[in-house]
Amino acid sequence: MRRPSLRWRLALLSATLAGGVLVGFALLSGWLIYQAKLERLDAQLSNRLLPLSRPANEEDPISPETRLAQELGLASQTAVAIALIDREGQVRYRSPWWPETLSTQGRWSEWPGATEPFSPERDPWLRRPSLNEPTIGPTTWRTSEGRWRIIGRVTPLGRIMIAVSLQSLHQEMAILWRIYGLTIPGALAAIAGGAWWFSGRALRSVDTLSQTITQVTAQGLHQRVPTTGMDQEFETLVTVFNAMLERLERSFHQASRFSGDAAHELKTPLAILRGELEQAVQHAEAGSPMQQTLSHLLEEVSRLSSIVRKLLLLSLADAGQMSLRREPVDITALVQEQLEDVALLAPELTVTAALEPNLEVMGDRDLLIQVVQNLLSNAIKYNLSRGWIRVQGKQQQGQVGITVANAAKPLSLEEQAQLFERFYRGNPARTRVTDGLGLGLSLAREIARAHGGDVILVTSLPSEVQFCLTLPTGGKLAPT
Amino acid sequence: MNVLLVEDEAKIASFVGLGLREQGFVVDHCANGQEGYDLALERDYDVVLLDIMMPGKDGLAILKGLRQAGRNVPVILLTARNELDDRITGLNLGADDYLAKPFYVEELVARIHAVVRRSEGERQNILAVGSLRLDRITREVTSNGQRVELTGREFNLLEYLMRSPGRVLTRTQILEHVWGYDFNPSTNVVDVAIQRLRKKLEPVAAAQWIESVRGVGYRFRSPEALQ
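Positions within a chain are numbered from 1, following the residues in the order the chain's sequence is written. Chains carry letters and ligands carry numbers; both start at the beginning, A for chains and 1 for ligands, and go up in the order they are written. Totals for whole chains, interfaces and linings use every residue, but because this is a predicted model, local features are given only for residues with pLDDT of at least 70 and side-chain atom pairs only at 80 or more, for both listing and counting. Note: side-chain values were computed over all heavy atoms of the structure, leaving out hydrogens and water.

Q: I'm lost on the overall build of chain A in this one. Help?
A: Secondary structure is summarised from DSSP: a helix means a run of H or I of at least four residues, a strand means a run of E of at least two, and numbering begins at the N terminus for each. What chain A contains, in helices and strands, is ten helices and twelve strands. Each residue is assigned to one of three classes by its accessible area relative to the maximum for its type, calculated with a 1.4 Å probe on protein chains only: buried under 20%, partly exposed between the two thresholds, exposed over 50%. Going through the 480 residues of chain A one by one, you find that 43% of them count as buried. In this analysis, two residues are considered to be in contact whenever any of their non-hydrogen atoms come within 4.5 Å of each other. For chain A, contacts bridging at least 24 residues in sequence account for 66% of all contacts bridging at least 6. Using a 1.4 Å probe, the Shrake-Rupley method yields the accessible areas, and only the shown protein chains count as cover for residues. Accessible area for chain A stands at about 25800 Å²; split by element, carbon and sulfur atoms hold 58% of it.

Structure, rendered in structure tokens:
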């Protein structure tokens, strides 16, 4: 699977990081707030224990629960429950809403001094009047009615216990969690959005850079990326890139000048050789061994010239500098003319042609002749004995397509892949005449591509080889 | 016919000059661009051959200067450099033809005749050897009024042969002129085409005028030379 874009990852990463921090902070602060509230409650409760530990004043019209609830700021008196148990274990007072589960004997009996008779020697701290600390709890008990905070004290009279429902505290906490639950995702979305926007802004320089790189072809090497308005970090990159382009441009110009110079250097001696040989052929006695030798030499010079010419064309194509002299070319007529030669060259082959009349392209006639010649001469060269050649030409979707098919032994995948390689000739075992130069097909393709078309191998039946030349029709010219 | 050859490479100038003189041209040679330009302005030539890469003033500059000076003398460019570009520039500047090095002198002669013919308003349309008449405009071949039907290639082949009677033309020379420079030199297309041409010339008793030169090529001999 493809990795998501850097922008996405940055946004996601910052959101995750911030999310982790925020959630951690929320949990910690929530816990701390909860603890602080509990502590305050505990402190308030232990303050209330001492007055309660005195014998209840019967005339007091307000129940102790109500008073306590008011003092603790609780809305309902049922949130506070009081229980008083004497030293014999008899319940002397118990709020009606005292949670049933808190009364189980098992729970209280765990408390110190719960059931033993009072002994001032054993419990000297009980007499200390300033003593504020509870001897039971504070602790939180879970009951079926919710959580209760229990605090209690052992007095000479017995045990007194206050239980405060934590429901309201939990309600407060729930509000806090709700606030967190709303603000944290909002903050995360804002952070992710911010990171997305900011990374987009930061990457704009990279976009500019990649756009320029896309435009840089062999013809566009003179382009430079402007450094103005770039972030400082990217300025270095752009400077380095521009320097690289400059080096590339320089060496490219050197290379293309070299190929021009090399061609000149090769062609001049070839021209001399050819001219002198031509003279010598004229002056030699007609049909003499000398003249035959000279004419063979002349033939080799021709072959050499042809290779030099093809190499030069290929190097120009590689440099993207194959210039075309475009004119309207009647491809149908051009192919038919070349087919005349096929009949001369290989009379034993069955040639069928189905060409739509007047297929016209805007192209370089000389170069297009070469392409067609190459495809046809390949079809002859790699044919079976007494085989066939089928040529089709038609126009579709703004393109002229010329298909040249011939009978052949099946091509292996490896051979198919190598067909367009330079100096590739095909398996010698399969060629009837191995005098190809191995440059023709790759040159044909370069020429077609310079015209905005292509030459491709069409995979069809295994018993035939089929090449398709496509060229844009006259109206739609590819820019070159 | 007067020809000015502006070419800095001495050896090329030497064989081109030699080849042209052999075929009846009067050749002035000049190895420096500026001198060549002055000479072309000074004298009346039937055709000017310009090398493109030269010291002094290059071929394209001379051509441009000549055309700007209103001289319409036919110009053929000779070059070894990036031929596609030079060809386009040259033809746009008003060159009449273009020949890439290496070339055959025989081919150059054919081109000179062609551009001169064009500039002189097609006066030399008819090529006649013996009873054989070849009309370059109508592309008809007749012998004593009898027409010989030829394909396009056969016509070009016969024209090339008839233009240089008595001269030996090698297979590769014929191949390059008639079929274009990129045909595989070891094909036997020339021999097959010659055989067919001979067959078509048999009814007018001209088949034997195309003479085979063993191991080399062909030669067109007029009936007078054969006798």
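Text resumes after the structure shown.
Q: Help me out: how do you make sense of unusual backbone geometry in this one?
A: Trans peptide bonds make up the majority, and among non-glycine residues the majority have a negative phi. Residues and elements named next belong to chain B. In this structure, the amide linkage connecting Lys101 to the following residue, Pro102, adopts the cis form with an omega of -5 degrees. You can see Pro102 is positioned in the loop between strand S5 (97-100) and helix H5 (105-119). At Arg139, a residue that is not glycine, the phi angle is positive and equals roughly 55 degrees. Owing to a relative accessible area of 42%, Arg139 belongs among the partly exposed residues under this scheme. Look at Ala205: it is not a glycine, yet its phi comes out positive at around 55 degrees. One can find Ala205 in the loop between helix H8 (189-201) and strand S11 (210-213).

Q: What is the right way to look at the interface of chain A and chain B in this model?
A: A common way to express how large an interface is: the accessible area buried when the components associate. With 51 residues of chain A in contact, the opposing surface of chain B contributes 51 residues. Put simply, buried area is how much 1.4 Å-probe accessible surface two parts lose in total, over both of them, once they are put together. Surface buried jointly by chain A and chain B totals about 4700 Å² across both partners, of which 53% is contributed by carbon and sulfur atoms. The largest share of the area that chain A buries against chain B comes from Glu278, Gln282 and Leu344 of chain A, three residues that together contribute 14% of it. The salt bridge definition used is simple: a Lys or Arg side-chain nitrogen within 4 Å of an Asp or Glu carboxyl oxygen. If you look at where chain A meets chain B, you find three salt bridges. The salt bridge involving Glu176 of chain B is made with Arg274 of chain A; its shortest N-O contact spans 3.1 Å. Any N or O atom pair separated by 3.5 Å or less is treated as a polar contact, with the protein-specific requirement of one donor-capable and one acceptor-capable atom, and with residues adjacent in sequence counted only for side-chain atom pairs. Summed over the shared surface of chain A and chain B, the result is 14 residue pairs in polar contact (both at pLDDT 80 or more). Within the residue set of the side of chain A that touches chain B, elements represented by two or more residues are helix H5 (232-283), helix H6 (289-318), helix H7 (331-345) and helix H8 (365-381) of chain A. When residues of the side of chain A that touches chain B are assigned to their parent elements, the largest contribution, 17 residues, is made by H5 of chain A. Looking at side-chain class alone, the side of chain A that touches chain B contains 16 nonpolar, 19 polar and 16 charged residues. Classes in brief: Ala, Val, Leu, Ile, Met, Phe, Trp, Tyr, Cys and Pro nonpolar; Asp, Glu, Lys and Arg charged; the others, Gly included, polar.

Q: Mind showing me how you'd approach the pattern of salt bridges here?
A: Oppositely charged side chains can form a pair if their charged atoms are brought close together. Considering all chains together, one arrives at 25 salt bridges over all chains under this definition. Between Asp341 of chain A and Arg153 of chain B there is a salt bridge, with the nearest N and O atoms lying 2.8 Å from each other. Highlighted residues: Asp341 of chain A in helix H7 and Arg153 of chain B in helix H6 (residues 152-163), drawn from two different chains. Like Asp341 of chain A, the residue Arg153 of chain B is buried in the burial classification. Put simply, Arg136 of chain B and Glu159 of chain B hold a salt bridge, and the shortest N to O gap is 2.7 Å. Of this pair, Arg136 of chain B sits in the loop between strand S7 (132-135) and strand S8 (140-143) while Glu159 of chain B is found in helix H6, placing the two residues 23 residues apart along the sequence. For the pair formed by Arg136 of chain B and Glu159 of chain B, the shared burial category is buried.

Q: Teacher, can you tell me more about the sheet that holds S7 of chain B here?
A: Backbone-to-backbone hydrogen bonds join strands into a sheet, with any given pair of strands oriented parallel or antiparallel. Residues and elements named next belong to chain B. If DSSP finds at least two bridges between two strands, the strands pair. Taken together, four strands build an open sheet; the order of strands is S6-S7-S8-S9 and the sheet is antiparallel. Among the strands making up the open sheet, the edge pair consists of strand S6 (126-129) and strand S9 (146-148). Ignoring strand direction, the axes of neighbouring strands in this sheet form an average angle of 25 degrees. As paired strands, S6 and S7 are joined by four bridges and run antiparallel to one another. In this analysis, axes come from line fits to C-alpha atoms, helices being fitted only over the stretch in contact, and the angle between any two N-to-C directions falls in the range 0 to 180 degrees.

Q: Just checking my understanding: could you explain the packing of aromatic side chains for this structure?
A: The description of two aromatic rings rests on the distance between their centres and on the angle between their planes. Note on aromatic contacts: the rings of Phe and Tyr and the six-membered ring of Trp form a pair at centre separations within 6.5 Å, being stacked when their planes are under 30 degrees apart, edge-to-face when over 60 apart, and tilted otherwise. One pass over the full model with this rule turns up four aromatic pairs over all chains. Summarising the aromatic geometry, the rings of Trp8 of chain A and Trp196 of chain A are spaced 5.2 Å apart at their centres and angled 50 degrees between planes, so their arrangement reads as tilted. Separated by 188 residues along the polypeptide, Trp8 of chain A in helix H1 (residues 6-53) and Trp196 of chain A in helix H4 (residues 167-215) bring together distant segments of the chain. Using a relative accessible area of 51% as the deciding quantity, one classes Trp8 of chain A as exposed. The partly exposed category is assigned to Trp196 of chain A, whose relative accessible area is 32%. Cation placement over rings: the criterion is NZ of Lys or CZ of Arg within 6 Å of the ring centroid and within 35° of the ring normal. The ring of Phe420 of chain A carries Arg445 of chain A above its face, with NZ or CZ at 4.1 Å from the centroid. Positioned above the aromatic ring of Tyr37 of chain B, the side-chain terminus of Lys57 of chain B is 3.9 Å from the ring centre.

Q: What exactly am I supposed to notice about the pairing of strand S4 (residues 75-79) of chain B here?
A: A regular strand carries its side chains on alternate faces of the sheet. Residues and elements named next belong to chain B. Burial runs high along S4: five of the five residues are buried. By the bridge criterion, four bridges tie strand S3 (residues 47-51) to S4 in an arrangement that is parallel. Bridging from a neighbouring strand, Leu49 pairs with Ile76 of S4. A clockwise course of the path from the first strand over the helix to the second, judged with the strands pointing away from the viewer, identifies a crossover as right-handed. Chirality of the crossover, the property in question, places the unit of S3, helix H3 (residues 59-68) and S4 among those that are right-handed. The pairing of S4 with S5 spans four bridges and is classified as parallel. The residue of S5 that forms the bridge with Leu78 is Leu99.

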